[in-house]
There are 2 protein chains.
Amino acid sequence: MIICKPTIDRLFLYICILLQIQEEKQEFVSSEELGDRLGVTPQTIRKDLTVFGQFGKKGKGYCVGELIWNIEEVLGLHCRRKIAVIGASHLGWALMNYCNFTSMGFDLAAIFDVAQNKIGSSINGIIVSHIDQMEEVIREKNIDIGIITVLEFDAQEVADKLIAAGVRGIWNFAPCQIKVPSTVQIKNENLSVGLSSLSFHLARQTLAGKEVGVL
Amino acid sequence: MIICKPTIDRLFLYICILLQIQEEKQEFVSSEELGDRLGVTPQTIRKDLTVFGQFGKKGKGYCVGELIWNIEEVLGLHCRRKIAVIGASHLGWALMNYCNFTSMGFDLAAIFDVAQNKIGSSINGIIVSHIDQMEEVIREKNIDIGIITVLEFDAQEVADKLIAAGVRGIWNFAPCQIKVPSTVQIKNENLSVGLSSLSFHLARQTLAGKEVGVL
């Protein structure tokens, strides 16, 4: 099965919305409703979903449960993955509350920090451990993905330790580019970029595109 | 000046790294160092920066301050913008601590929440106000951008009120697609997508690309 990259990118959005729809106890969804919720045309939705042989049922739309299962299969989300959060900061907390980890196929297995007042406290039922125990716990619990929310100065060191302990994927929120060997998947997430790009588009709107054009 | 979109996307990353380099009191930076910090080839850096007539000085590299000024000019970051955060949650806090708003050209002007225990408390020197006062404060302070970190069920209503009060850009972290008129810039940020895409690439690595190919 060959799927083009823009479709893959949209599939992640589809799965988020479909899980919400499922929580609302809705059994079927039309390409119009999906398109409306996602800001994509119903034609794009239908085209993207034909790769699954999913054409929907006339007058009813797509079966939400079936569609979730199929997309999860393609995205590798059926394989549950253990994750650890490094940095029990506001960002760490926010990510734990924000991402519906469990329904997305992830089990939060460990949280690490250095602050003595955080060690031993419980977040979402997980006890915060000292970062010195990280390598041992990662190995013991067979954790796949590390989420780095520490300061940029510590991020590469934390990443190196995670990799040495056997982590295969890193989601990095420290505003720096972490380097990893080719066997490890890395996603560097620089949140500031979102705000700057919004500002750029506002500036362009003001200038009516006269000074800087985008190809 | 016409700049292609991939270059624009990289310029946001360049500016983040250059601001870090400036904080480290480094006056000049080579395309090799920039490339190394960003995971981009020096050739790409040099190509991207030729649009500014910036070729760097042999043996010295680019003048950091000058480069920042030029990129900020193109990205519209010289025009300072007032921002408001709606939702004094962990995510709201995290964003306020994370993004170096001031050096990126943004002034945090207001924070809103509904929780009585948060109203009146101070975050980064800004007093948290009740969301009922939002429209009045946005108008009064002439706020340009609203950052939404409330729950998805409230996000569209908050956005509608922000727009009615005159906000021109919205950075939405609620995991839903907010709809805005064409005169308003929107950036919907769904953080779950990052984790899922990491999982997808791990699954592909395991399957050695045999089952799902990406075009």
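Parameters and conventions
Residues numbered from 1 in each chain as written. Chains lettered and ligands numbered in written order. Predicted model: local features only at pLDDT ≥ 70, side-chain atom pairs only at ≥ 80, totals over all residues. Heavy atoms only, no water. Phe/Tyr/Trp six-rings, centres within 6.5 Å; stacked < 30°, edge-to-face > 60°. Buried < 20%, exposed > 50% of the residue type's maximum accessible area, 1.4 Å probe, protein only. Helix = DSSP H or I, 4+ residues; strand = E, 2+ residues; numbered from the N terminus. Pairing = 2+ DSSP bridges. Contact = heavy atoms within 4.5 Å. Axes fitted to C-alpha atoms, helices over the stretch in contact; angles between N-to-C directions. Domains from an automatic or database assignment. Salt bridge = Lys/Arg side-chain N within 4 Å of Asp/Glu carboxyl O. Least-squares fit on C-alpha atoms with pLDDT ≥ 70 in both. Core = buried A, V, L, I, M, F, W, Y, C linked by side-chain atoms within 4.5 Å.

## Notes on the packing of aromatic side chains
One pair of aromatic rings is described through two measures. These are the centre distance and the angle between the planes. Residue and element names in this part refer to chain B. Throughout the structure, instances matching the rule amount to four aromatic pairs over all chains. Aromatic pair tryptophan 171 and phenylalanine 173: ring centres 4.7 Å apart, planes at 65°, arrangement edge-to-face. For the pair formed by tryptophan 171 and phenylalanine 173, the shared burial category is buried.

## As for the environment of glycine 125 of chain B
Residue and element names in this part refer to chain B. Its place among the elements puts glycine 125 in the loop between β6 (122–123) and β7 (126–130). Under the relative-accessibility criterion, glycine 125 is labelled exposed at 64%. Along the sequence, glycine 125 and alanine 110 sit 15 residues apart, while their C-alpha atoms lie 9.9 Å from each other.

## Section: the sheet that holds strand β9 (residues 169–172) of chain A
Residue and element names in this part refer to chain A. Strand order in this open sheet of seven strands is β6-β7-β5-β4-β8-β9-β10, and the pairing throughout is mixed. Of all strands in the sheet, those with a lone pairing partner are β6 (122–123) and β10 (185–188), marking the two edges. Note that strand β5 (residues 106–113) and strand β7 (residues 126–130) share three bridges and pair parallel. By the bridge assignment for β7, phenylalanine 112 is matched with serine 129. In the packing of helix α7 (residues 152–164) onto the sheet, the strands contacted are β4 (81–86), β8 (145–148) and β9, and the crossing angle to β8 comes to about 170°.

## So, the sheet that holds strand β8 (residues 145–148) of chain B
Sheet strands pair via backbone hydrogen bonds, and the direction of the pair is either parallel or antiparallel. Residue and element names in this part refer to chain B. The mixed open sheet is built from seven strands, whose spatial order is β6-β7-β5-β4-β8-β9-β10. Single-partner strands in this sheet number two, and they are β6 and β10 (185–188). In this fold helix α6 (residues 134–141) packs onto β4 (81–86), β5 (106–113) and β7, with an angle of close to 165° to the strand it touches most, β5.

## Let's talk about the domain arrangement of chain A
Accessible area lost on assembly of the parts is the figure often given for the size of an interface. One can read the domain layout of chain A as domain 1 (5–75) and domain 2 (81–193). Relative to domain 2 of chain A, the C-alpha centre of domain 1 of chain A lies at a distance of 30 Å.

## A closer look at the pattern of salt bridges
Residues and elements named next belong to chain A. Taken as a whole and assessed by the stated rule, the structure comprises 16 salt bridges over all chains. Across the pair glutamate 32 and arginine 46 runs a salt bridge whose closest N-O atoms are separated by 3.5 Å. Taken together, the residues span a long stretch of sequence, with glutamate 32 in helix α2 (residues 31–38) and arginine 46 in helix α3 (residues 42–49) at a distance of 14 residues. Accessibility expressed as a relative area gives 45% for glutamate 32, which makes it partly exposed. Linking lysine 118 and aspartate 113 is a salt bridge whose minimum nitrogen-to-oxygen distance equals 3.8 Å.

## Notes on the relation of the copies chain A and chain B
Each copy of the chain is related to the other by a rotation around an axis and a translation along that axis. Between chain A and chain B, which share one sequence, the superposing operator has a rotation angle of 180° and an axial displacement of 0.0 Å; the RMSD is 0.0 Å. Read as a symmetry element, the transformation amounts to a two-fold axis. Of the C-alpha atoms belonging to chain A, the one lying closest to the rotation axis is found on histidine 90 of chain A, 2.4 Å away. In this assembly the copies share their binding face: 100% of the residues contributing to the interface of chain A also contribute to that of chain B.

## Here we look at the side chain of asparagine 190 of chain A
Positionally, asparagine 190 of chain A belongs in the loop between β10 and α8 (192–207). Excluding residues that lie within four positions of it along the chain, asparagine 190 of chain A makes contacts with Pro175 of chain A together with Leu13, Cys16 and Tyr98 of chain B.

## Observations regarding the nonpolar core
If you look at the biggest cluster of nonpolar residues, it comprises 102 residues, and the most contacted ones within it are Leu34, Leu49 and Ile71 of chain A together with Leu34, Leu49 and Ile71 of chain B. Aside from chain neighbours lying at most four places away, what touches isoleucine 71 of chain A is Leu11, Tyr14, Ile15, Leu18, Leu49 and Phe52 of chain A.

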